[in-house]
Amino acid sequence: MPDLEIDALGLLCPLPVLRLRKRMQPLASGAVILLHADDPAAHVDVPHFCAEAGHAFLGVEGHAFTIRKG
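A brief structural summary. (Residues numbered from 1 in each chain as written. Predicted model: local features only at pLDDT ≥ 70, side-chain atom pairs only at ≥ 80, totals over all residues. Heavy atoms only, no water.)

### Let's talk about the packing of aromatic side chains
Stated precisely, the cut-off is as follows: Planes of paired rings set the category: under 30 degrees apart is stacked, over 60 is edge-to-face and the rest tilted, where pairs are Phe, Tyr or Trp rings (Trp by its six-membered ring) whose centres lie within 6.5 Å. The buried label goes to any residue with under 20% of its type's maximum accessible area, the exposed label to any with over 50%, and the partly exposed label to all in between, with areas taken from a 1.4 Å probe on protein chains only.
Evaluation of the coordinates by the stated rule reveals one aromatic pair. Measuring from centroid to centroid gives 6.4 Å for F57 and F65, while their planes differ by 45°, and the two rings are tilted. On the accessibility criterion, F65 (0% relative accessible area) is buried.

So, in structure tokens, the structure goes:
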């Protein structure tokens, strides 16, 4: 069960990652976020954002990206 679920379906780059960054800021380290994004660029952008920001990219299944806040 994620700590936060974010709907970014229908949003184009860079909006899914910007929404993810903004919504996860108040969460404690270790929180798990489920991001729903159907922008094809999200498959590159989300793992890259996680690597740059120190978060753990746990994987993707379809349009559902799972992240653990660092």
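### Quick word on the nonpolar core
As a reminder, the rule being used: Buried Ala, Val, Leu, Ile, Met, Phe, Trp, Tyr and Cys residues form a nonpolar core when they are joined through side-chain atoms within 4.5 Å. Secondary structure elements follow DSSP: runs of H or I of four or more residues count as helices, runs of E of two or more count as strands, with numbering from the N terminus. Any two residues having at least one pair of non-hydrogen atoms within 4.5 Å are treated as being in contact.
Core analysis: the biggest nonpolar cluster contains 16 residues, and L20, L35, V46, F65 and I67 have the highest contact counts within it. Looking at this core, the elements that each hand over two or more residues are β1 (4–7), α1 (15–24), β2 (32–36), α2 (42–53) and β4 (64–68). When residues in this core are grouped by element, the largest group, four residues, is from α2. Excluding its chain neighbours within four sequence positions, the residues that come into contact with L20 are I6, I33, L35, V46, F49 and I67.

### Overview of α2
As a reminder, the rule being used: Each helix should span, by expectation, one fewer than its residue count multiplied by 1.5 Å. Our arc is simply the arc of the directions from the helix axis toward the C-beta atoms.
Along its twelve residues, α2 runs 16 Å from first to last C-alpha, staying within 8% of the 16 Å computed at 1.5 Å per residue. Along α2, the residues that are buried comprise A42, V46, F49 and C50. Seen along its axis, α2 keeps its buried residues to an arc of 95°; they face one direction. In α2, the exposed positions angled more than 90 degrees off the buried face are occupied by V44, A51 and E52. For α2, the secondary structure elements touched by its buried residues are α1, β2, β3 (56–61) and β4. Once α2 finishes, G54 follows within two positions and takes phi at roughly 85°, a positive value.

### Examining the sheet that holds β2
Whether parallel or antiparallel, the strands of a sheet pair through hydrogen bonds between backbone atoms. Note the threshold: Paired strands are those between which DSSP finds at least two bridges. Every angle, taken between N-to-C directions, lies between 0 and 180 degrees, and every axis is a line fitted to C-alpha atoms, over only the stretch in contact when it is a helix.
With mixed pairing, the four strands of this open sheet are ordered in space as β1-β2-β4-β3. Each of the sheet's edge strands pairs with one partner strand only, and the pair in question is β1 and β3. Across the sheet, the mean angle from the axis of one strand to that of its neighbour is 20°, orientation sign disregarded. Across five bridges, β2 lies against β4 in antiparallel orientation. Bridge assignment links L35 to a residue of β4, and that residue is F65. Lying over the sheet, α1 contacts β1, β2 and β4, oriented at roughly 150° with respect to β1. α2 rests against β2, β3 and β4 of the sheet, and its axis sits at about 5° to β4.

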